Every structure is written in structure tokens, then in C-alpha cells.
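# Architecture and fold: a report
The primary structure of each chain is shown beneath.
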Amino acid sequence: MIAIPKTLEDALRDRFVVPFVGAGVSMAALDRNGKRMFPSWGDLLLGAAARLREDGKRPEANVVEGLLEKRAPDYFEAARHAREGMGPGWYRYLRQVLDPPGNRIDTGSLSLARAVWQLPSRLVITTNYDQILRYALDDPNDLVQISVDATAELSAMLRDEIDRPTVWHLHGFIQQPQRLILTPDGYRELYPSQEDEVRYRGALQALRHLLAARTFLFVGFSLDDAMFGNQIAWVQEAFGGAAGPHYMLVRARELRDTQRRLRDLSCIEFLTFEEFGDPLVALVHALGSAGNREPSMPPPLMAGAPRPTARLEVAAAPSTAPAGPLAFLADEVMIPPVTRVVHRGLLPEAALAPPATAAAATPRGFETTAGDGGMDMALVRQSYRLVHQYQRRVFDRLSELSDALAGIGLAFERWDPSLFSRHPKSTSEFFRRKYWAWDFLPGYRLQLVWQSSASTSRSVVLEVVSDTGFTRDGAEEPDPARFGGARAAGSELQISLMRSSVRNLPWNQIWSSLSGQEDTIYDGNDHELDAGGRPCTYRYLRVDLGAALDKEAFSERVIAPVSAWLAR
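Residues numbered from 1 in each chain as written. Predicted model: local features only at pLDDT ≥ 70, side-chain atom pairs only at ≥ 80, totals over all residues. Heavy atoms only, no water.

## Brief notes about the packing of aromatic side chains
To keep things clear, this is the line we draw: Aromatic rings from Phe, Tyr and Trp, taking only the six-membered ring of Trp, are treated as a pair when their centres fall within 6.5 Å; an angle between ring planes under 30 degrees marks them as stacked, one over 60 as edge-to-face, and anything in between as tilted. Helical segments are the DSSP runs of H or I of at least four residues, strand segments are the runs of E of at least two, and each set is numbered from the N terminus. In this scheme, a residue with accessible area under 20% of its type's maximum is buried, one over 50% is exposed, and one in between is partly exposed, where area comes from a 1.4 Å probe on protein chains only.
Evaluated as defined, the whole model comprises 13 aromatic pairs. The interplanar angle of 40 degrees and the centroid separation of 5.3 Å between the aromatic rings of Phe20 and Phe218 together place this pair among those described as tilted. Note that Phe20 is positioned in strand β1 (residues 17-21) and Phe218 in strand β5 (residues 215-219), a separation of 198 residues in sequence. Residue class for Phe218 comes out buried when judged on its relative accessible area of 0%. Taken together, the aromatic side chains of Trp438, Tyr444, Phe470 and Phe483 make up a single cluster linked through ring pairs.

## Description of the sheet that holds strand β4 (residues 166-169)
Convention followed: Strand pairing is defined by DSSP finding a minimum of two bridges between the two strands. Between N-to-C directions, angles cover 0 to 180 degrees, with each direction set by a line fitted to C-alpha atoms, over the stretch in contact for helices. Residue contacts follow a heavy-atom distance rule, with two residues in contact if any of their heavy atoms lie within 4.5 Å.
Read across the sheet, seven strands follow the order β3-β4-β2-β1-β5-β6-β7 without closing on themselves; strand pairing throughout is parallel. Every other strand in the sheet has two partners, leaving β3 (144-146) and β7 (268-273) as the edge strands with one partner each. Ignoring strand direction, the axes of neighbouring strands in this sheet form an average angle of 25 degrees. Most of the contacts of helix α14 (residues 278-291) go to β7, to which it runs at about 125 degrees, and overall it touches β5, β6 (246-251) and β7.

## Regarding the pattern of salt bridges
Think of it this way: side chains of opposite charge can pair up when their charged atoms draw near. To be explicit about the condition: A pair is scored as a salt bridge if a Lys or Arg side-chain nitrogen falls within 4 Å of a carboxyl oxygen belonging to Asp or Glu.
Across all of its chains, the model carries 20 salt bridges by this definition. Taking the shortest distance from any N to any O, the salt bridge between Arg414 and Asp10 comes out at 3.4 Å. On the criterion of sequence distance, the pair formed by Arg414 in strand β9 (residues 410-417) and Asp10 in helix α1 (residues 6-13) is long-range, its members being 404 residues apart. Here the two residues Arg414 and Asp10 agree in accessibility, since each one is buried. Among the ionic pairs, Glu77 bridges to Arg80, the shortest N-O distance being 2.6 Å. Remark: Arg80 and Glu77 occur in helix α5 (residues 75-86); sequence separation between them is three residues, near one turn of the helix. On the accessibility criterion, Glu77 (22% relative accessible area) is partly exposed. Owing to a relative accessible area of 24%, Arg80 belongs among the partly exposed residues under this scheme. A single network of salt bridges, built from pairs that share partners, joins Lys6, Asp10, Asp14 and Arg414.

## Here we look at the pairing of strand β11 (residues 457-465)
When you tally the buried positions in β11, you get nine out of nine residues, the bulk of the element. Burial of the side chains of β11 extends over both faces: Ser457, Ser459, Val461, Glu463 and Val465 are buried on one face and Arg458, Val460, Leu462 and Val464 on the other. With seven bridges connecting them, strand β10 (residues 445-452) and β11 associate as antiparallel partners. Residue pairing in the sheet places Trp450 in a bridge with Val460 of β11. Relative to strand β12 (residues 492-500), β11 runs antiparallel, the two sharing nine bridges. Directly across from Val465, in β12, lies its bridge partner Glu492.

## Focus: unusual backbone geometry
Even without being a glycine, Arg15 presents a positive backbone phi close to 60 degrees. Note on placement: Arg15 falls in the loop between α1 and β1.

Printed below as a string of C-alpha cells:
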């Protein structure tokens, strides 16, 4: 049985995974004589050098061959010299090599490309120029192809308006040979340095958006494209390590070398297979099967996303974009509108009372101080012991809640630290400033998700907020010295309850839509929602954590009202 990481399985089931197809998928295709249908980079350019030599352009051919014979072949420069040497013949050559007649393909060799389409995503991204993904469809005419500069189509893609199989050819496709990104000038226009003009601005921002908001699954892709790898590194740095994880399928014997080569991209994780061919196809099929089971609850909100504070009425205008390098993520255009019909109160007011301020006094000298000076280590030791006692009690109460929810048919789906990242990988230098010390305090703010798969779909998203005084300045690591006072802050449970008579609702979309609104969601009342014609009921429950840590109080203030509401 193939082991699939739970995080990846959840992302597949939530339709958050975008397959990214590389040359390995095309090179698996054979013609009827058992030969490869499509060349590797090296073979493509060696063929161009041979064509130059046949045309009497021996010096140009020598330059191309010399660039390919280097210890680290310079494919981009070789492509530039081949294009300049061949002139108009360059595009005819590319069409001849990369766009052979489809009837030459041995359809039995398309199993890997077909398996890609079994993954739960209508969108596939590729840097390939060929049509292998079209050939792999039962109805090739149903395919939508998006080129790198198709801004209207990219906008529709980001709005999740994809209702047919769609391939985004990030570097162009062979039916438009003059627009292929194959040489250094084209690469600079898509992946510019600071001094370069951004020609494909829409494509670059769309790529960064997807890298930050979705999970990429790299199939047949080695990530040895330094310029593309730089975009992953940019997103990883911009989000403080919170983007991803993304996954790459790697042949087992190449794992160590791949890990070493990509050691700076900590958001990439690896799934191994024994060999190309059937083992790789079996792994992709297993991922597709895992993703096409009953969908799970939505993933937690992105670190730093605003808490839901809006009315359920939908405003027509998009939200205001934040300034700075993350502005391209501000327009959450992928979520269907959610509208309010009516609300009514059900839970007792005592259960919904706003949290009281923290009762316990802070020990003298216990408030955090800025700077790199010395510390009272006795207080540090005391802090660790207090945190352990606190977390142990919280965990015990959560166990009791999970047992109660299991008794009415809800299964635990996932947890995540909702403000920070999970712990860095074991091979990461976690002590570097690009990681936050907060990443090692997951109990500081947790988000947990339960969901039922019964005929009445029910969902619970619970957030343990240990400190409402938390504040953040931009993208830098939060500084506790700038937080509000510990006495003035509070600790609370924030619980979102959702139920519907409709199965398989897109809870991730509904939850994201609620997160983008402004004021009455937290009023403690029921809200009847219309999520694209599918009714569901939502309620928000807020409980003072300090008053609920006792076993009896927790049962009364949390378990009893939550269970009663979900059972209605």
C-alpha cells in the first residue's frame, strides 16, 4: 500500500492541489515503434545543431554543441544560438519535433499523462510545449489551453471559473511557436531580475498566487530550472515559510541528490517511487484515488488572514488590497458568494458571553522585554512548566470534545497552528531568522477541524486562542514586547459550527467567504446561508478559555451546547 502524507491527502480531497507537469511526463510517451515521441532538452538542441550543420552553418553548429558539452550544459544559451543561426527555420524545426501527428503515438504509453487527469484538479500547469496532455484526454477537443500572456484566461483561472480540463502552458505551447519561452530573453521577461522589465506581469503574479495559496504536485519535473526555483524561493521567503507544502515525486535512488540540490526550498517535500513506468503511474493513481474520496473540511486560514468579522450580505466590490509585496493575494476571487437569509438565537446567552480578561496576575518581571540582553532563567524554567500544565489541560479538554463529537458522527480531520508554520523539517537550520521562534509554540494558537460524512453534513472549526493580545507588524516575526499587557488580554475558544442537509458542501469556499465579511458573524446567532443554491446554517460560539478549562465547566460551556446545536 502506498503511504500518502495526511496533509497532502487532505489537500487533494479539498481540491487544493494543482498538478505541475514536467518533461518526464512527455518523455514517457512512445511512438508505435517504441521510440520516444518527444526529445529531452539536450536531444532537441543537438538536433538543432545537426540541422545547422546540414544547412552549411558549421560555426553556429559548433557553438551550440560546445555549450551542450560543458560540464554544466547551458541549454538557454544553446537555444539562443540555435534560434539565431536557424532564423525562420527555427520555428519550423520546433513544430516538426514537438508537434508530431497524434496518430503516431502508442496510446498504451499515455498511462502517466492519463493518470495526471485522474487527480482531482481540472487545472494542470506545465512547462512543456507539446500536446501530450491533450492526447491523454478521452475528448481532446474539450481541452482549454492557456498561454503565458493570456491575461483574461488567467483571471478566470484565479476566480476558479474552470469547468473543463485546462492546461496552463507556463512557457507557451507549440501551436504558437513564436511565443515560446525557450531562450534567455524570454525567461527574463517571465522571471525578471530587479532591473528587467516584467513583460508577463499577470502570469508571474498568477504563478506566485498559486504557489502561496495552493499545493503544487510536481510530476515528471526536476526543478532544475533555476529561474522557476527562484519564484518558489520568493514565495517561501515572503510568507516566512508558511507557503506550501508542495510535493515532488522523485525516483527513490535520486532522492538524496534531489534533497541536496533543493535544500534551500524547505516548502518542497518528496514522495518516492521505485522506477519510472508502472511504479510512478501507480503512485499518481493512488494520489488520484485518495483525492476523489469524500472531501474533508477546509484547510485552516492562511497565517495572518483576518478573522471573520463581516455581515453575510455580499458586497459586489472586491476587498481593498493590502500594500506591499503580498498585494496580489488580496483579491480572493475564487469564492462563490454567500448570502444571508435570516438569523435566530438558539444557544443560551451564558455560553456566548464575551470572554473575561485574564484573572491571574503576571509575576513581577514576567512581561517580555526587547533586546538581546540577559534573562532570568528561573523565570524561563517557570514559564515552560506553566505552559506544560496549561497545554496538558487544554489537550485533555480537546480529547473530551473529540470523543463527544465522535459520538454524534463527526470525525477529527486536522489541526494546524493558525498563526505560524508547523515545525521546520529536520534538515532545516531552524535557528536562522527566516524561521520564527513562534513556530515552536504551536499550542499558542491552534485551529482544529472536525467533520461528519453522514447524510446531514456537519462541520466544526475550533480555534484555541491563548492570547488575544497578540499583534503583528507586517511580515516580520511578532515581537511580544509590543503586545498589549497580559492582564488586559484574554484567552478564549472561537468555535464555528456549520451544518447542512446537503452532502459534500465546499466548506473551504464557504469558510473563506465568511472570513471576508464584516460584522454580524460573531453575534452568537444562527445564520441561514445560501452557498450557490445550497443551504447551510452557521453559528459562531465564543467561550472564555480560563473559565472553561475545568472539566465540568468545559462540558457545560462547550460540549453540551455544541453537541445540542449539531444534533438539531
